[in-house]
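Structural description and commentary
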Amino acid sequence: MKKIIKLYHAYMTRPIIYKMLTRVGIGLVISLIWDRFINIEHYFNMTEHAFLIVGAFLWMMAWIGYLRLDGVGFHYKKRKEETEKKKHRTKEMVDFVEEDAVSFDELTKEERVACNFAANFFSGAIFIIISVVAMVF
């Protein structure tokens, strides 16, 4: 078992934050759709029940990412050999600042799985914390 904390580097924070914001936004939209169409009579509070389900789903996805970091995965026949991608495809102004901006596509496979794991875990934690606070108060 690899140490998970050793996989994370400073350049991985941007992809993690972008993925977190996307997952939180999708979770909010799913919760609002649940409140609008499924919870018509408003028997259940959206922050207690819908956020708990969304947070549990995100933590389940984080657990699957954790298993993938551990080496568990589907074994299937590869169609093509993956080629190495170029570091800088575009010539934008962002590429020439002091820090290199690393996108999600430029990360290795293991770093992508680690970013997905962290994004799922932290966005699930946001939903679970809001749900628990709403249940207590």
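The structure under discussion appears in the preceding block.
Please read all numbers here as calculations on a predicted model, not as lab measurements. The written sequence of each chain sets the order in which its residues are numbered from 1. Side-chain atom pairs in this predicted model are given and counted only at pLDDT of 80 or more, local residue features only at pLDDT of at least 70, and totals for whole chains, interfaces and linings cover all residues. To get the side-chain values, take all heavy atoms of the structure and skip hydrogens and water.

A closer look at the overall build of the protein chain
When you go through the protein chain residue by residue, the secondary structure sums to three helices and zero strands. Each residue gets one of three labels from its accessible area relative to the maximum for its type: buried under 20%, exposed over 50%, partly exposed in between, using a 1.4 Å probe on protein chains only. In the protein chain, which comprises 137 residues, the share counted as buried stands at 29%. Two residues form a contact once any of their heavy atoms are found within 4.5 Å. Of the contacts formed within the protein chain by residues at least 6 apart in sequence, a portion of 79% connects residues at least 24 apart. Using a 1.4 Å probe, accessible areas were evaluated by the Shrake-Rupley method; residue-level cover was limited to the displayed protein chains. Carbon and sulfur atoms provide 65% of the accessible area of the protein chain, an area that totals close to 10,900 Å². Strands here are runs of E lasting at least two residues and helices are runs of H or I lasting at least four, both read from the DSSP assignment and numbered beginning at the N terminus.

Topic: the packing of aromatic side chains
Stacked, edge-to-face and tilted are the three classes for Phe, Tyr and Trp ring pairs, Trp counted by its six-membered ring, which pair at centre distances within 6.5 Å; planes under 30 degrees apart are stacked, over 60 edge-to-face, the rest tilted. As enumerated under the stated definition, the model contains five aromatic pairs in all. Seen from their ring centres, F51 and F127 are 5.2 Å apart, and the 80° between their planes marks the pair as edge-to-face. Taken together, the positions of F51 in helix α2 (residues 46-70) and F127 in helix α3 (residues 109-136) put the pair 76 residues apart, joining distant regions of the chain. The pair F51 / F127 is uniform in exposure class, with both members buried. For the pair F117 and F121, a centre-to-centre distance of 6.3 Å together with 25° between the ring planes defines the contact as stacked. Placement of both F117 and F121 in helix α3 is noted, with a separation of four residues, approximately one turn of the helix.

Quick word on the nonpolar core
Among the nonpolar cores identified, the biggest contains 15 residues, and M12, I16, L69, L107, A114, C115 and F117 are the most heavily contacted of them. When residues of this core are traced back to their parent elements, those giving at least two are α1 (13-38), α2 and α3. Residue contributions to this core peak at six residues, all from α3. Residue contacts for I16: discarding those within four places in its chain leaves Y8, C115, A118 and A119. Nine residue types can take part in a nonpolar core, namely buried Ala, Val, Leu, Ile, Met, Phe, Trp, Tyr and Cys, and a core is a set of them joined through side-chain atoms within 4.5 Å. One finds W34, A50, F51 and F127 within the second-largest nonpolar core, a separate group that totals eight residues.

Here we look at the side chain of N39
Here N39 is to be found in the loop between α1 and α2. We define a polar contact as two N or O atoms separated by no more than 3.5 Å, with the added condition that, inside protein, one atom must be a possible hydrogen donor and the other a possible acceptor, whereas residues neighbouring each other in sequence contribute only through side-chain atom pairs. Within the structure, the side chain of N39 is placed 3.4 Å from the side chain of D35, a separation counted as a polar contact. For N39, the contacting residues outside a window of four places in its chain are W34 and F44.

Considering the environment of L32
Within the secondary structure layout, L32 lies in helix α1. Judged by its relative accessible area of 51%, L32 is exposed. Along the primary structure L32 and A50 are separated by 18 residues, whereas in three dimensions their C-alpha atoms are 8.5 Å apart.

As for the packing of α1 against α2
Remark: α1 packs on α2, axes separated minimally by 10 Å, with the N-to-C direction vectors making an angle of 135°. Taken together, the axes of α1 and α2 are oblique relative to one another. As for the relative orientation of α1 and α2, their crossing is right-handed in sense. Mapping the contact onto sequence places R23, G27, L28, I30, S31, L32, W34 and D35 in α1 and M46, H49, A50, F51, V54 and L58 in α2. By residue class, the composition of the contact of α1 with α2 is nine nonpolar, three polar and two charged. Simply put, an axis is a line fit to the C-alpha atoms, just over the touching stretch for a helix, and the angle between two N-to-C directions goes from 0 to 180 degrees. Note on angle classes: values under 35 degrees are labelled roughly parallel, values over 145 roughly antiparallel, values of 65 to 115 roughly perpendicular, and the remainder oblique. With the far helix as reference, a near helix turned anticlockwise by less than a right angle produces a left-handed crossing, and one turned clockwise produces a right-handed crossing. Each residue is assigned to one of three groups, with Ala, Val, Leu, Ile, Met, Phe, Trp, Tyr, Cys and Pro labelled nonpolar, Asp, Glu, Lys and Arg labelled charged, and all others, Gly among them, labelled polar.

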